[in-house]
Amino acid sequence: MKIFYSILLTFPVFLSAQIQSPKEFLGYELGEKFSRHHQVVDYYTHLSEKSEKVTLIQYGKTYEDRPLLLAFVSSKENLENLENIRLDNLKRAGIEEGTPSTNIPIVWLSYNVHGNESSSTEASMATIYELIRNGSDKSDWLEKVVVVIDPCINPDGRDRYVNFFWQNASQPYNPDPNALEHNEPWPGGRPNHYLFDLNRDWAWQTQIETKSRIKVYNQWLPQIHVDFHEQGINSPYYFAPAAQPYHELITEFQRNFQTEIGRNHAKYFDENNWFYFTKQFFDLLYPSYGDTYPTYSGAIGMTYEQAGHGRAGLGIIKQEGDSLTLKDRIAHHYTTGLSTVEIAVQHSERLLNQFSRFFGDNSALKYKTFVLKYDGNDDKFNALKSWLDDQGIRYGRATGKMKGYDYATGRTTDFSISSNDLVVTTNQPKATLAHILFEPKTKLVDSVTYDITAWGVPYAYGIQAYASEQSISVSQENPKPFQVASAPEKAYAFISKWNSMDDARFLAALLKEGVKVRFTQKSMNYKGESFDRGSLIIAKRDNKNLQGFEDRITEMANEYERSLAVIQSGFMDGGPDVGSSDVRYLERPKIALIGGEGTSSLAFGATWHFMEQELDYPVTILGSDYFGRVDLSDYNVIIMQSGWYGNFGEREMKKLIEWVSAGGRLIAVEGALNKLKDSDYSSLTAYVDEDAKKAAEKNDKEREEAARLVPYEEQEREFIKGFAPGAIYKVKMDKTHPLAFGYGDTYYTLKTGSNKVAYLDGNNVGIVVNKEDLLSGFAGQYAKEDMAESLVFGVENKGRGQIIHIVDNPLFRSFWQNGKLLMVNAMFFVGQ
């Protein structure tokens, strides 16, 4: 079917007088230039105004205020009946009641989730035009299908890349891979404004683009979803079927139908002599991708990968000497997009029937009930419930006794359900998604996988939980509204407890307001109420210049929904008094974050987003390229997120350590520790002592000897013996240390690497004790051995300052909710 390619490049001359082709509207042929987002928006707006086959909606805006669009493409009759088609689809899923009266499948095509994988947005314009133009042989399809097109999921990242190319490309373009136009600077166009990978955010919904999109997605739940991507310039095109491991709950139909779609694509690629591959690299396991999240929500979810990425530009010479142009890339995505719609039309009845079956048959689910034990931390549970609401996962309350898997011990045991516990059952439409997100251990048929292998929601939220194979009935929860407090006539001080990010946001607001705050390092008691370590004390004496002290503090507490204890005396019934040296004055942190070349853009972006969007506290970003010229005395906290810091030489590191010794607090995270480990800058090391070092060196030598004899095809598996790609470990915490305020004796950490760090001489706040502390996910044989007796969180005193060592990044992808308070403790409490 070579007509796909010819139509793309030339377009017929018998066009509608009203509907313009991309070339007519934009003034250039697709592939000759990169289109900026405003041009794409204008073209889609033109089509929606001129064609009765297109309905356009704006479903949100990016952080940089660019519009996010969805185009609904179908026949005039279907678009007039669009709401009924949508509701009928939800009836098939059991989300709405009733029997469907229409039989129209929904195909959702998502383009450009990674900004510098830029060909797909261009391809989307070619695709929608071909579907609706007069005389197209595809127009009959629209009577039997609704095609939803998201032309650009990540406009901020895409415009970052497109602007880079426009500003740096030669005229005409230079295909030499060494040319500047093929080498993006840090951070590149792949991520969004906050440098998040939006293709890892589907389930967690931490970014505004994802939140906006999933809200609409869950109102439709398509039968097919395609996520268009790009990969390295020398790779052939990839399409389904996917690689192993598949999650075990992916149905046989979902597996087989991917193959049917792939064979249809192959037919057109074969006719055009285009290279392609299937069943390699891109697996279906991690639940937060643009293929897996739709798959676990009933769709045939697929990733399509075209060669190109941020290197290809308008054209580039590949390793075999052949050229790859933007026109080539558009043609390939254009072909698979139309081929997908074609298959959906041909098999519409099967798609709809199997979609209904997916939601109606939960017999394959091992666990029937997930119980999250209430621990008194309402903020934590409210955050979880809000996230569940975003997923469309139902929950409720129940009482009784059950047997189930204990997330904390990894053993099956009897347990009781109290009326305050949160219960999620698989007796609901989103049963499969809920099961996968909550399952304590994910079954792996292949340990070579593309992403993390553990994500259990109870671990991420730090909640004691059980997974039971027994069923139970739940009642609907009645939310408790916050009780607005009235200001007291007089107060010696207010006390606010410390155990959640809501408490952290309240503290941040107080400090920005200029309110002076203290915190207790030991538990205290006043009139029968206990206040654990980290509780905040807002004393009138400290804030004597704050007019209307009682009214203002109460007003702020109500705004942040904090219930404050009012005390009329500094004399405590137990624990330190307000004037005790154990109640420390909190000096307002002046925080800097190092970013730029040499830092991980993802880790940096997660911290930037955390500071601005979650904590709402000011941070100054210092570029790594000019760090050596900055007067560090303006800051008392510096965050050195994960990275390799290749441009930090001895001068920069010496300056940083001298700043620490003078009283600064350096928070070094994950990869940044490699700059400190086994150096003169820190006592951090991979080994406790010389004997341990010699034993490790002996082990390494034995492993190297064994690896020499491994056959070529098994070398990858040998290599991963030393890695833990996203495994959950139990961590023993010293809850008396300020870094651990608000935590208990146990924390669950997500390890995304195998960086072994030995215990410090003191202040080992969080440690992995032995290799049995691995609770979920894959860790290679050597990684398991190396993780035993290792540091996770620790504080090193250096002069008058501190280095806070954080081995596992608690802000990774911003979904590990239980780790975020630890970052606040590092910034606000440690060293005060």
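About the criteria used
- Residues numbered from 1 in each chain as written.
- Predicted model: local features only at pLDDT ≥ 70, side-chain atom pairs only at ≥ 80, totals over all residues.
- Heavy atoms only, no water.
- Helix = DSSP H or I, 4+ residues; strand = E, 2+ residues; numbered from the N terminus.
- Rg over C-alpha atoms; globule rule 2.2 N^0.38 Å.
- Buried < 20%, exposed > 50% of the residue type's maximum accessible area, 1.4 Å probe, protein only.
- Pairing = 2+ DSSP bridges.
- Axes fitted to C-alpha atoms, helices over the stretch in contact; angles between N-to-C directions.
- Contact = heavy atoms within 4.5 Å.
- Phe/Tyr/Trp six-rings, centres within 6.5 Å; stacked < 30°, edge-to-face > 60°.
- Lys NZ or Arg CZ within 6 Å of the ring centre and 35° of its normal.

A look at the overall build of the protein
For the protein, the helix and strand inventory stands at 23 helices and 34 strands. Over its C-alpha trace the protein gives a radius of gyration of 28 Å, about what one expects of a compact globule, namely 28 Å for 832 residues. Seen along its three principal axes, the alpha-carbon backbone of the protein occupies a region of about 85 × 60 × 60 Å. Buried residues in the protein amount to 61% of all 832 residues.

Looking at unusual backbone geometry
Look at the link from Q171 to P172: it is a cis peptide, with omega at -5°. For P172, the location among the structural elements is in the loop between helix 7 (155-168) and helix 8 (208-217). For the peptide bond that leads from A240 to P241, omega is 10°, which places it in the cis range. Topologically, P241 is positioned in the loop between strand 6 (237-238) and strand 7 (243-246). Even without a glycine there, the phi angle at L221 is positive, about 50°. Within the element layout of this structure, L221 appears in the loop between helix 8 and strand 5 (224-231). For L221, a relative accessible area of 0% puts it in the buried group. For E670, which is not glycine, the phi torsion reads 50° and is therefore positive. On the secondary structure map, E670 appears in the loop between strand 28 (665-669) and helix 20 (690-708).

Details of the sheet that holds strand 15 (residues 412-417)
Taking strand neighbours across the sheet as the criterion, the 5 strands line up as 15-14-17-13-16 in an open arrangement whose pairing is antiparallel. Each edge of the open sheet carries a strand with a single partner, namely strand 15 and strand 16 (422-425). Adjacent strand axes in the sheet meet at a mean angle of 40° when their direction is disregarded. The pairing of strand 14 (residues 400-406) with strand 15 spans 6 bridges and is antiparallel. Of the residues in strand 15, the one forming a bridge with Y405 is T412. Packed on one face of the sheet, helix 13 (residues 378-391) meets strand 13 (369-372) and strand 16 and runs near 25° to strand 16. Against the sheet, helix 14 (residues 431-438) touches strand 13 and strand 16, its axis set at about 50° to strand 13.

Some words on the pairing of strand 13
Going residue by residue along strand 13, you find T369 and V371 tucked away on one face and F370 and L372 tucked away on the opposite face as well. Relative to strand 16, strand 13 runs antiparallel, the two sharing 4 bridges. Each bridged residue has a counterpart across the sheet, and for V371 the counterpart in strand 16 is V423. Bridge count between strand 13 and strand 17 (residues 465-468): 4 bridges; the pairing is antiparallel. Residue pairing in the sheet places L372 in a bridge with A465 of strand 17.

Describing the environment of Q18
Inspection of the secondary structure assignment puts Q18 in the loop between helix 1 (3-10) and helix 2 (22-26). For Q18, a relative accessible area of 49% puts it in the partly exposed group. Distance from Q18 to H609, taken between C-alpha atoms, is 44 Å for residues 591 residues apart in sequence. The contacts of Q18, once residues within four sequence positions are left out, are H46 and K50.

A word on the packing of aromatic side chains
Considering all chains together, one arrives at 52 aromatic pairs under this definition. Centre to centre, the rings of W204 and W387 are 6.1 Å apart; their planes meet at 20°, and the pair counts as stacked. With a gap of 183 residues between them, W204 in the loop between helix 7 and helix 8 and W387 in helix 13 connect regions that are remote in the sequence. Assigned by exposure class, W204 and W387 land together as buried. Aromatic side chains F277 and F281 sit 5.8 Å apart centroid to centroid with 75° between the ring planes, which places their arrangement in the edge-to-face category. On the basis of relative accessible area, F277 is assigned to the buried category, the value being 12%. Each residue in the set W204, W387, Y461, F812, F815 and W816 is aromatic and connected to the rest through ring pairs, giving one cluster. Taking NZ or CZ as reference, R213 lies 4.5 Å from the ring centre of W202, over its face. A cation sits over an aromatic face here: K497 above F531, 5.7 Å from the ring centre.

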